[in-house]
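# Report on the structure
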Amino acid sequence: MLTIENGSLKGETRLRLNNITLSIDSGKLVGLIGPNGAGKSSLLKAIAGIEPASGRFSWNQQLLSAMKDTERANTLSYMAQDDIPQWDMTMADIIDIGLLKSRISRSERQRRIANVCATLNLSEFNGHSIQRLSRGELQRVLLARALVAEPELLLCDEPTNALDIYHQLNVLQLLKKQSEQGRLVIMAIHDIPQAAEYCDELILLDKGELVCHGQPFEVLTKANLAETFGVHADWICNKRGVAWQPRPL
Amino acid sequence: MSSIVKWVLALTLVIIALSAWHLSQGSSGLTLWDWWRTDALSAYQQAILADIRLPRLVLAVVNGAVLGLAGAAMQLLLRNPLAEPGLTGVSSGAALTTVAVLYFGLLPTFSWLLPFIALAGGLAAIVVVVVMAGNYADVNRVILAGVAISSLAGAIMALLLYLAPNPFAFQEWSQWTLGSLANRGWSHVNLMLPFALIGAVLVLTQSRFLTALTFSEETVVSMGYSYPARRNLVLIAVALLAGSSVVSVGIIGFVGLLAPHLVRLVGLNHPKQVLSMSALAGAVLVLSIDIFVRLISVGRELPLGVVAAVIGAPLLIALLVRQKSQQAVR
């Protein structure tokens, strides 16, 4: 279980996160939604320990900031937005970077890489250089890098960004599968219908503040969407499905 | 046999072959063949081999390796294929302090201290760059800080030379900065080796961190690497490597930039491969250029640093054009 108490993050001119308090159970796919600049990425970075935030961020009652490097690397994994590898390497070498901090044997290393490739339907690209992969295939490799250390908590910053609709759904399904296996997956996402469709819970942020946290139908109300996004949405969401037609207010 | 092992073996053999050729060159006309043929060399010939040619060979190999390694480390650290050791500001810092010593006429008093003063200047430059870069996980700040310090040092140096009361200052300075392996001995080897070794060991201890930097700094921090601290450690290591080269043979450009490119060109892209292979490729480059410098005779020996740039720049352009056409095909 992830618990955040009074999580705040200072920016140059304003608070990027203001007193966020929430807790989320494992085994869920959670969507972070909100307008640009709402603090979605900031919250992910604060949890991942990339930006020094004040407040308590704990995983299963253990403070994340108090964990040792290797322990934390095995607990959480962070997938940055559009983090394309700088150098052309083979797929296995790229995924192996996710294990740099893990002290495991060579055979265990290879077993884990083979496992994660099988899970993410990447086995056919074994030995390929990543330059030969499409953007959608590469996104799965980046996900594999984040998952190969078998973290309990996976943080993804807009994992569907820059992907075509087929690969967007593909990535969402894979993330959903990860959460069903007991992981907590938190992702920032812009597409509200997709968020409603795939996520078990949504966290709505605006100007660094927590507006609402709950099941999609609780969060995606007309009032919430009008207040945060400044759009009027005709029909939003119920427990069975989603359809929406946003118009400017 | 994996491809990296093959390449290490191949380049080692090339270095051995080039070393034999390198040892056979010189104004005395003594060749390795003579040495092989005769049972005993005269004391004069032994002195030529042991005190002139051997230190020059060692300096060529070590400097090439040091520059190649430093260049690879910089490119991996800054995630930028155009980065090179000079971006740490260490070469210009070292050059500036040297010019200052010459300008104030302190050379006669401090001639034996000059390398240390130069190294101190180089390290001071890197400290300024590190402080300017701050705690941000943003490589652009390091690059900008490096460029700023290098330009500032260059400007001050030009001003000092322009105002120099001593007409020989410019000549002395140019001899020092153009980079040359001529007239070097074991003292230069002894001077550079400790710094080069410390720098190399430091860089190699950070090879996992540099591998992780295939991804953005944010991802690397999320993996549990303390970012500014390790970045600064690598910068200081690169400064020691580049500084050791500058104080022993002067400024040799392009080797640090070119060596990692050559390694990637043959398909060795893994950061660990790039680090080790760039050292070997750098040694091959400097050895070949030094042989070339001695083969062409234009009355006096051309400075190695200048020839390296003259050969290196078109080679780099050719590589870039080739890369571009490959991308166009894809």
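In the annotation of an unreviewed UniProt entry, the entry for chain B reads ABC transporter permease, and the organism field reads Idiomarina piscisalsi. The Sequence similarities (unreviewed entry) comment attached to chain B in UniProt states, word for word, "Belongs to the binding-protein-dependent transport system permease family. FecCD subfamily." If you open the UniProt record of chain B and go to Subcellular location (unreviewed entry), you find "Cell membrane".

The name that an unreviewed UniProt entry assigns to chain A is ABC transporter domain-containing protein, with the source organism given as Idiomarina piscisalsi.

### Comments concerning the overall build of chain A
Scanning chain A from N- to C-terminus turns up nine helices and twelve strands. In terms of overall dimensions, chain A is globule-like: its C-alpha atoms have a radius of gyration of 18 Å, near the 18 Å expected for 249 residues. Along the first, second and third principal axes, the C-alpha atoms of chain A reach 55 × 40 × 35 Å. Classification of the 249 residues of chain A by burial places 54% in the buried group. Here the analysis covers contacts within chain A between residues at least 6 apart in sequence; of these, 63% occur between residues at least 24 apart. For chain A, the exposed surface amounts to about 11,100 Å²; the carbon and sulfur share of it is 45%. Taken together, the 27 basic and 29 acidic charged side chains of chain A have centroids lying 3 Å from each other.

### A short note on the sheet that holds strand 5 (residues 62–63) of chain A
Residues and elements named next belong to chain A. As summarised here, the arrangement of the four strands in space is 2-1-4-5, forming an open sheet in which the pairing is antiparallel. Edge positions in the open sheet fall to strand 2 (15–24) and strand 5, since each of these has one partner strand only. Sheet analysis places strand 4 (residues 54–59) next to strand 5, joined by two bridges and oriented antiparallel. Bridging from a neighbouring strand, Trp59 pairs with Gln62 of strand 5.

### Regarding the UniProt feature "domain: ABC transporter" (unreviewed entry) in chain A
Per the UniProt annotation, the sites labelled "domain: ABC transporter" (unreviewed entry) are residues 2–232 of chain A. Here residues 2–232 of chain A is 36% helix and 26% strand, with 33 Å between the C-alpha atoms at its ends.

### Brief notes about the pairing of strand 4 of chain A
All names here are of chain A. The sheet contact formed by strand 1 (residues 2–10) and strand 4 spans five bridges and is antiparallel. Along strand 4, the bridge assignment pairs Leu2 with Trp59. Counting the residues between successive antiparallel strands, the hairpin from strand 4 to strand 5 contains two residues, one of them, Asn60, with a positive phi of roughly 50°.

### Quick word on the sheet that holds strand 9 (residues 201–206) of chain A
Residue and element names in this part refer to chain A. Spatially, the six strands line up as an open sheet ordered 6-7-8-3-9-10, and their pairing is mixed. The sheet terminates laterally at strand 6 (76–79) and strand 10 (209–214), the two strands that pair on one side only. Pairs of neighbouring strands in the sheet enclose a mean axial angle of 15°, with direction left out of account. In terms of strand pairing, strand 9 meets strand 10 through five bridges, oriented antiparallel. Bridged to Leu205 within strand 10 is Leu210. Docked against the sheet, helix 1 (residues 40–48) engages strand 3 (29–33), strand 6, strand 7 (153–157), strand 8 (184–188) and strand 9, running at close to 145° with respect to strand 7. Of the strands in this sheet, strand 9 and strand 10 are in contact with helix 9 (residues 222–229), which crosses strand 9 at around 35°.

### Details of the nonpolar core
Soluble globular proteins tend to bury their nonpolar side chains together. Of all hydrophobic cores here, the largest spans 166 residues; its most connected members are A:Leu2, A:Ile47, A:Ile186 and B:Leu210. Counting residues per element, this core draws most heavily on helix 3 (residues 43–78) of chain B, which supplies 16 residues. The residues contacting B:Leu210, other than those within four sequence positions of it, are B:Ala73, B:Leu76, B:Leu77, B:Val203, B:Val234, B:Pro271 and B:Leu275.

### Here's the deal with the environment of A:Gln194
Residue and element names in this part refer to chain A. Considering the arrangement of structural elements, one finds Gln194 in helix 7 (residues 192–198). The spatial distance from the C-alpha of Gln194 to the C-alpha of Gln168 is 9.2 Å, given a sequence separation of 26 residues. Setting aside residues no more than four positions away along its own chain, Gln194 makes contact with Thr160, Ile165, Gln168, Leu169, Leu172, Ile189 and Cys199.

Parameters at a glance
Residues numbered from 1 in each chain as written. Chains lettered and ligands numbered in written order. Predicted model: local features only at pLDDT ≥ 70, side-chain atom pairs only at ≥ 80, totals over all residues. Heavy atoms only, no water. UniProt positions renumbered as here; feature names shortened; annotations may be inferred. Helix = DSSP H or I, 4+ residues; strand = E, 2+ residues; numbered from the N terminus. Rg over C-alpha atoms; globule rule 2.2 N^0.38 Å. Buried < 20%, exposed > 50% of the residue type's maximum accessible area, 1.4 Å probe, protein only. Contact = heavy atoms within 4.5 Å. Areas by Shrake-Rupley, 256 points an atom, 1.4 Å probe, with all protein chains shown as cover. Lys, Arg positive; Asp, Glu negative; His and termini not counted. Charge placed at Lys NZ, Arg CZ, Asp CG, Glu CD. Pairing = 2+ DSSP bridges. Axes fitted to C-alpha atoms, helices over the stretch in contact; angles between N-to-C directions. Core = buried A, V, L, I, M, F, W, Y, C linked by side-chain atoms within 4.5 Å.

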